[in-house]
Amino acid sequence: HLVSFVRPNEPDKPKKPKEKKITDEELERIKKEVEEKVRQEEEQKRKEIEEKLHQSELALQETLKIQQDLHNVGLELADIEDADELYKQVVLQAREKLGFDRIGLYLLNIDTGVMTGTYGVAPNGTLRNEQADSFFFLFQPWIHEFIYNKDRLVLSEDIDLYEQQKIIGRGWHM
C-alpha cells in the first residue's frame, strides 16, 4: 500500500537559500586573511626577483673577471717576439689563467689545406709539443665551419673528445 499526503492549495515554491549574516568581526577576520595571503604572495615574488637579480649580478661579475683575465693574458702575450714561445705561452696561459683543462693550438694553412700543431695540454695536464701533428682539415666539417663562419667561433657541445685519434670521453670544444 502506498500512502501519500498532499496539502491542498499550496503552490510549489522554490526554496530560498538561508541567508547567513556575516558579523563585522567575521568580515574583519576574512579581510585580514586575504590581506595576509596577498602580503605573503608579494613577499614570495619579491624574494624570487631578488634571487634572480643576485644570480644576474654573479654572472656579470664572472663575465667581467673572465674579460679582465683575457685582457691581461693578451697583454702578456703581446710582449713575446718569438713565435714558438708565443704558441707555448698561449697554451699555458689558456690553461693556467683562463681555466681550460685541455687545449691545443693548431695553425691553419688555407692554401695547402693543412692544419699543423704547435703545443697542447696532454690528458695528464702537462704541456706537450704537438708540432709533428698535422692533417688535412678540408675533410673536417667543423674546421670548414670555423673558416667560413664570420664570427670565427664554433662551439660544439656534448661531442666525442679525442686523444691520438681515439675517443677518450665526451665534452665540448671550440
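Our subject is the structure listed above.
The following refers to the structure shown. A quick note: this is a predicted structure, and the numbers were derived from the prediction, not measured.

**What about a negative patch on the surface?**
Here is step 1 of the chain: A cluster of like negative charges, contributed by Asp24, Glu25, Glu28 and Glu35, occupies part of the molecular surface.
Here is step 2 of the chain: In this fold, Glu28 is placed in helix α1 (residues 24-78).
Here is step 3 of the chain: Judged by relative accessible area, which is 36%, Glu28 ranks as partly exposed.

**What about a nonpolar patch on the surface?**
Here is step 1 of the chain: A contiguous nonpolar patch, built from Ile30, Val34 and Val38 and spanning about 220 Å² of accessible area, is present on the exposed surface.
Here is step 2 of the chain: With respect to the helices and strands, the residue Val34 is situated in helix α1.

**Examining unusual backbone geometry**
Here is step 1 of the chain: In this structure, Asp158 is a non-glycine residue whose phi angle is positive, near 50°.
Here is step 2 of the chain: Structurally, the position occupied by Asp158 is in strand β5 (residues 156-163).
Here is step 3 of the chain: Residue classification places Asp158 among the exposed positions, given a relative accessible area of 53%.

**Details of the packing of α1 against helix α2 (residues 83-96)**
Here is step 1 of the chain: In contact at an axis separation of 10 Å, α1 and α2 are set at 160° when each is read in the N-to-C sense. Between α1 and α2, the crossing angle belongs to the class labelled roughly antiparallel. When the axes of α1 and α2 are compared, the crossing they make is right-handed. The residues of α2 that touch α1, namely those facing Val73, Glu76 and Leu77, are Leu86, Gln89, Val90 and Gln93.
Here is step 2 of the chain: For the contact of α1 with α2, the class distribution of residues is four nonpolar, two polar and one charged.

Calculation notes
Residues numbered from 1 in each chain as written. Predicted model: local features only at pLDDT ≥ 70, side-chain atom pairs only at ≥ 80, totals over all residues. Heavy atoms only, no water. Patch = residues over 30% accessible without salt bridge, like charges linked within 9 Å, V, L, I, M, F, W, Y side chains within 5 Å. Areas by Shrake-Rupley, 256 points an atom, 1.4 Å probe, with all protein chains shown as cover. Salt bridge = Lys/Arg side-chain N within 4 Å of Asp/Glu carboxyl O. Lys, Arg positive; Asp, Glu negative; His and termini not counted. Charge placed at Lys NZ, Arg CZ, Asp CG, Glu CD. Helix = DSSP H or I, 4+ residues; strand = E, 2+ residues; numbered from the N terminus. Buried < 20%, exposed > 50% of the residue type's maximum accessible area, 1.4 Å probe, protein only. Axes fitted to C-alpha atoms, helices over the stretch in contact; angles between N-to-C directions. Parallel < 35°, antiparallel > 145°, perpendicular 65-115°, else oblique. Left-handed = near helix turned anticlockwise from the far one by under 90°. Contact = heavy atoms within 4.5 Å. Nonpolar A, V, L, I, M, F, W, Y, C, P; charged D, E, K, R; others polar.

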